[in-house]
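Listed below are the residues making up each chain.
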There are 2 protein chains.
Amino acid sequence: MKNRVFIEKVIPEINGGRYYVKRTVGGGVVVSANIFADGHLSIRACVLYKHESDKKWSMVAMKHESEDRWKGRFETQKTGFYTYKIQAWVDRLTFWQKSFKEKVRDEEPTEGEIEYVVLLLKELAENFPKTKNQPLVNAYKLLSSDKPLEEKIDFAISRDFTRLGRQFPYVKNETVYDKNLRVRVGEHRELFTTFYQLFPRSASPKAGQHGTLKDVQNLLPRIKEMGFDVLYMPPIHPIGSTKRFGKNFNPIAGKGDPGSPWAIGDSSGGHKSIHPELGTIKDFENLVGAGKKEGIDICMDLAFQCSLDHKWLKEHPDWFDFRPDGSIPCIESPPLKYYDVVSFNFESNDWENLWNALRDIVLFWVNKGVKFFRASVPHNKPLPFWEWLIAEVHKVDHSVIFIAGSFTSPRLLLGMSKVGFTQSYTNFIKYDTREEVEQYLKRINGPEQRQIYRPSFWPTVPDILPYHLIAGDSNIYALRLLLAATLSGSYGIYGPVFELMENEALKNGIEQYANS
Amino acid sequence: MKNRVFIEKVIPEINGGRYYVKRTVGGGVVVSANIFADGHLSIRACVLYKHESDKKWSMVAMKHESEDRWKGRFETQKTGFYTYKIQAWVDRLTFWQKSFKEKVRDEEPTEGEIEYVVLLLKELAENFPKTKNQPLVNAYKLLSSDKPLEEKIDFAISRDFTRLGRQFPYVKNETVYDKNLRVRVGEHRELFTTFYQLFPRSASPKAGQHGTLKDVQNLLPRIKEMGFDVLYMPPIHPIGSTKRFGKNFNPIAGKGDPGSPWAIGDSSGGHKSIHPELGTIKDFENLVGAGKKEGIDICMDLAFQCSLDHKWLKEHPDWFDFRPDGSIPCIESPPLKYYDVVSFNFESNDWENLWNALRDIVLFWVNKGVKFFRASVPHNKPLPFWEWLIAEVHKVDHSVIFIAGSFTSPRLLLGMSKVGFTQSYTNFIKYDTREEVEQYLKRINGPEQRQIYRPSFWPTVPDILPYHLIAGDSNIYALRLLLAATLSGSYGIYGPVFELMENEALKNGIEQYANS
């Protein structure tokens, strides 16, 4: 009740502290707040912060900026979580000096005033270790000595005295703003990544031949030379054959059509297996190892859905989002429809086993050295699921990076970054006029966004060939690449296809590559 | 974990629910929030609210406005506190109909689909009393009858079916936004009050004679006739004689000078006594009673400070903010200085007894029928003190109205309204250009302010004769009165002095009345 200071409007604070903000090692958090007290009291404020491995709080002074706004900054030196709070209090020493100066201005001060501040200085000195409190001891010794009153007054109004208040914060009757504010500190590269996406089945040096992980491995030096540091591969798992797509979204696959790699699972395996034509787990491990040597990480696709041949359909029918009549609903992503996959029912009665099984998929690949996961259509899965999954994986390996591979509403993109996605796709792909791009950049650099949302810019992706690139010439390609690469710390290209500036659309009016 | 809906950016919510918002009987609270889920799920949301005397929550549906913004409104029909929260969930019935319609568009639905929704309707019907669930029962009876499939499909895609989802909200896996959000509902007049201020000692019909409470009583019909409903009197307690002010802030009182009524207390009594020359407690009670008959409430001044002769100075020296050397600091309110009063030390070691004593002063007058208290210089007292005091008094009498009589920074004015002041003075008194007034009105009508801050407009007060009224003519007086009376539901005038358009300043450059 005796805490006179008011603290409010703290930045950063996401949804009242419900979600953590994001930083990287070597960065810092600028914490600001409106801090004020009644009357004309002198106040001080500091940020207290603590890494999850620390036992004690560290303290950094806040500075008074304009009006009632105060600011302080602490450095994020280690990965993991920091907690931070604000503490503010009436600075009795400084307030004493302020009112003493007024008295000196108006009348003759007495020894009584000095005696009071001697007591205050002694109390203060006791709160600091003897190795540090010498200036305080010197001060009260001078003020309690038999030197002339004039000399004491001169010291009491001096800048040396003023400095004591700043140097020795005397925290008493403090207000504490303590709302479980947290910052997650990741590795520096969470901010700076360059993605190169390719379909390994198209990585063969021989035209018409199914590529392999070994072929991909051979491409690493070339990818490195172009300056990329993450190689992102769409799903590399076995592909279902039931209702398999043919070329150009032909709903009936021709003989030898490989199908969509997002239709995961057949009798040979599911999300933890490698498509036999691509190679083996051993090949994959070799690829990851070779990548590490070149400074290239492998990014996998998290496509949490199953082909109609995935063995889970029989083992765990209640995990799936079948239609009431047992049929499989088609998944619509206008103008396209997907019949070759079935979605999970994340609220099924057996949801805990389903969620654990999905987490185990991620941990399986983490265990193989994968640090990057690009979630496929994450905006169609529950936010609480992602929040849980990402936290679970981070408990095992804090350096894992999750990318929300979504083109959806800004609110949902922001929501996904709140629940923990490290980076997020953007709608940059859709905007081409200067006005659109500027407006969009303003929107994604809002006060909340800049604390948690790390945009990744892509000129194209395999299933979007935007209007402005259809039949586009090399200037437009170069321009879009330049924008993507410079508007943020993260960008990526749909590798070979973008390099070759493929610009033919599937059909008139559709933003899809032909012959994809 | 299964709650897929996201609720955020709730309005009204003050400091994360730390402070209550304010309404009056017959009003309502519009609750809005961003509410969304992943994918394209159909969602519903409602506001749940509960008066402190209610056992059960009431529910009111929220409406989807633009983007992800939802709005609902509940009525505040009783004084006291309401708690409110938001609940949102996936509407399975509506979502079923939506996807069923898609199926109907694309292919031939089967009985299986219908069978599923029959189960859903049955489950739903069980959640509502039999007296109300007839439409649900009728629906599943029709859908499970042996009528032709075509007829069932027609019903399942009909508007009648759509209505069922709206009429019977089926709350499951709901997200609850539950942050101790509260609204205090006061009487209607908290919004609409007209103050007439007078010094009772100036209320005598005979010039030069000390007025009495009886004289004030005689003025009630006149005050009523002018349309005022609250009579505000500055302190009516005994006045100290030590360091008493004379006329025009002369630091030495002349013989017979009555002193400032804010210098409360002498040997005859303090904050619970009536100045002997004004009358008795009985006279005061008569005045309150007569006022009630005329429809005029009495507003008292809460001047929490003491004259140097208040008996508390000796009984409780540790309650006071003496200077370290035992002297009394002068209170500065530039350009003026007050030597005739001493402030309390709200953080004294004996603070609990001090706070209780101050609360008892308020309760003493509440017990005499006083419902309005205008706090004097409240911005120099701790905000936690006011929060505690107002809550304590409201426990005894919820209808008591506290007015923050401050001219101070907008943030502190807002802070005082957060901790519970019913109305607050404004800085309107200082602004005279159209630009200033417009800017100021915008500021005090901000999104937070409109939930909690009730401005009271005054053209002048006893200790401020603003520049624009010094030597001002009747047009300016009329204009300022008109503005004060129309800009908000609360205004007041420093009665007789304003009526007579006294416009002489104390001296050049000072915004103070001469001969006050």
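Summary of the structure given here. Computed from a predicted model, the values in this text were never measured in an experiment.

## Some points on the interface of chain B and chain A
If you look at the interface, chain B gives 54 residues, while chain A gives 54 residues. Approximately 4700 Å² of surface area, both sides summed, lies buried where chain B meets chain A, with 50% of it carried by carbon and sulfur atoms. The interface formed by chain B and chain A contains 12 salt bridges. Counting the contacts that link chain B with chain A gives 14 residue pairs in polar contact (both at pLDDT 80 or more).

## Some details on the pattern of salt bridges
Evaluated as defined, the whole model comprises 72 salt bridges over all chains. Note that Arg105(A) and Asp106(A) form a salt bridge whose closest N and O atoms lie 3.0 Å from each other. Of the charged contacts, one joins Arg189(A) and Glu187(A) as a salt bridge, the two residues approaching to 3.6 Å between their closest N and O atoms. Look at the salt bridges and you will find they share partners, linking Glu8(A), Lys9(A), Lys418(B) and Glu448(B) into a network.

## A look at helix 12 (residues 434–444) of chain A
All names here are of chain A. Along helix 12, the residues that are buried comprise Val-437, Tyr-440, Leu-441 and Ile-444. With its buried residues spanning 100 degrees around the axis, helix 12 presents them on a single face. Looking at helix 12, the residues exposed on the side facing more than 90 degrees away from the buried face are Glu-435, Gln-439 and Lys-442. Buried residues belonging to helix 12 abut helix 11 (410–418), helix 13 (449–452), strand 20 (455–457) and helix 14 (474–486).

## Let's talk about the relation of the copies chain B and chain A
Placing chain B over chain A gives an RMSD of 0.1 Å and needs a rotation angle of 180 degrees, together with 0.0 Å of translation along the axis. Both chain copies can therefore be described as sitting about a two-fold axis. Nearest to the rotation axis, the C-alpha of Gly16(B) is located 3.2 Å from it, this being the minimum over chain B. Most of the interface of chain B is mirrored in chain A, where 100% of its interface residues are also at the interface.

## Notes on the pairing of strand 3 (residues 27–37) of chain A
Residues and elements named next belong to chain A. Within strand 3, 10 of the 11 residues are buried, leaving the element largely enclosed by the surrounding structure. Sheet analysis places strand 3 next to strand 7 (residues 69–76), joined by eight bridges and oriented antiparallel. Note on strand 7: the bridge partner recorded for Ser-32 is Lys-71.

Reading guide: rules and limits
Residues numbered from 1 in each chain as written. Chains lettered and ligands numbered in written order. Predicted model: local features only at pLDDT ≥ 70, side-chain atom pairs only at ≥ 80, totals over all residues. Heavy atoms only, no water. Contact = heavy atoms within 4.5 Å. Buried area = accessible area lost by both parts, 1.4 Å probe. Salt bridge = Lys/Arg side-chain N within 4 Å of Asp/Glu carboxyl O. Polar contact = N/O pair within 3.5 Å; in protein donor to acceptor, adjacent residues only side chain to side chain. Buried < 20%, exposed > 50% of the residue type's maximum accessible area, 1.4 Å probe, protein only. Helix = DSSP H or I, 4+ residues; strand = E, 2+ residues; numbered from the N terminus. Arc of directions from axis to C-beta. Least-squares fit on C-alpha atoms with pLDDT ≥ 70 in both. Pairing = 2+ DSSP bridges.

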